[in-house]
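For reference, the chains in residue letters:
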Amino acid sequence: MDAFMEAAINEAKAGLAEGGIPIGSVIVGDGRIIGTGHNKRVQDNDPIMHAEIDCFRNAGRIGRYEDTTLYSTLMPCFLCAGAVVQFGIKKVVVGEAKTFAGAREFMESHGVHIVDLDLSECKEMMARFIRQNLALWSEDIGAL
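All values reported here derive from a predicted model rather than from experimental measurement.

A. Structural detail: the sheet that holds strand β2 (residues 32-38). Pairing within the open sheet is mixed, and its five strands lie in the order β2-β1-β3-β4-β5. Two strands in the sheet have a free side with no partner beyond their single neighbour: β2 and β5 (113-116). The average undirected angle you get between the axes of adjacent strands in this sheet is 20 degrees. Direction of pairing for strand β1 (residues 24-29) relative to strand β3 (residues 69-72): antiparallel, over a ladder of four bridges. Counterpart to Ser-25 in the pairing with β3 is Ser-72.

The following block contains the structure:
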């Protein structure tokens, strides 16, 4: 498995271990990780602290994003896809998009190349979480 996606999966597992939603993300530039994050909506009581947003915050101000790649264990939602488009990221690699289709078409319509790895580990982790925490998941995706 790709080391960057593995790092995103480790972030997702960290979030789950903290009692949160198991979604992780990393930003890569020049062949190295420059930011990591995981969903902290529960932990921080913050409705917009999705994995990708946490990742951007932890990367800090890096100036130009067009040569970076965002890795996420799950297809980004519209909130996170908006940040991808706003910052000019041109490539997003996702672990899976089966449990949540996210905002793929929105990103693609803005020139973002999406790579869906369709990883069973990511699908199983999210499916298990959703089965056990449907109300929390529904809140996370705005489906309440």
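B. Structural view of helix α3 (residues 51-59). In terms of burial, α3 is largely enclosed, as seven of its nine residues are buried. Two residues or fewer past α3, Gly-60 is found with a positive phi of approximately 75 degrees.

C. Summary view of the packing of aromatic side chains. Tallied over the full model, the rule gives six aromatic pairs. Ring geometry for Phe-56 and Phe-87: centres 5.1 Å apart, planes at 65 degrees, overall edge-to-face. One end of the pair, Phe-56, is in helix α3; the other, Phe-87, is in helix α4 (residues 78-87), and 31 residues separate them in sequence. Take Phe-87: its relative accessible area is 34%, and that puts it in the partly exposed class. For the pair Phe-78 and Phe-106, a centre-to-centre distance of 5.9 Å together with 55 degrees between the ring planes defines the contact as tilted. One end of the pair, Phe-78, is in helix α4; the other, Phe-106, is in helix α5 (residues 104-109), with 28 residues separating them in the sequence. Among the residues examined, Phe-78 registers a relative accessible area of 57% and is labelled exposed. Residue class for Phe-106 comes out partly exposed when judged on its relative accessible area of 28%. Every member of this aromatic cluster is reached through a ring pair, and the members are Phe-56, Tyr-65 and Phe-87.

The rules behind each value
Residues numbered from 1 in each chain as written. Predicted model: local features only at pLDDT ≥ 70, side-chain atom pairs only at ≥ 80, totals over all residues. Heavy atoms only, no water. Pairing = 2+ DSSP bridges. Helix = DSSP H or I, 4+ residues; strand = E, 2+ residues; numbered from the N terminus. Axes fitted to C-alpha atoms, helices over the stretch in contact; angles between N-to-C directions. Buried < 20%, exposed > 50% of the residue type's maximum accessible area, 1.4 Å probe, protein only. Phe/Tyr/Trp six-rings, centres within 6.5 Å; stacked < 30°, edge-to-face > 60°.

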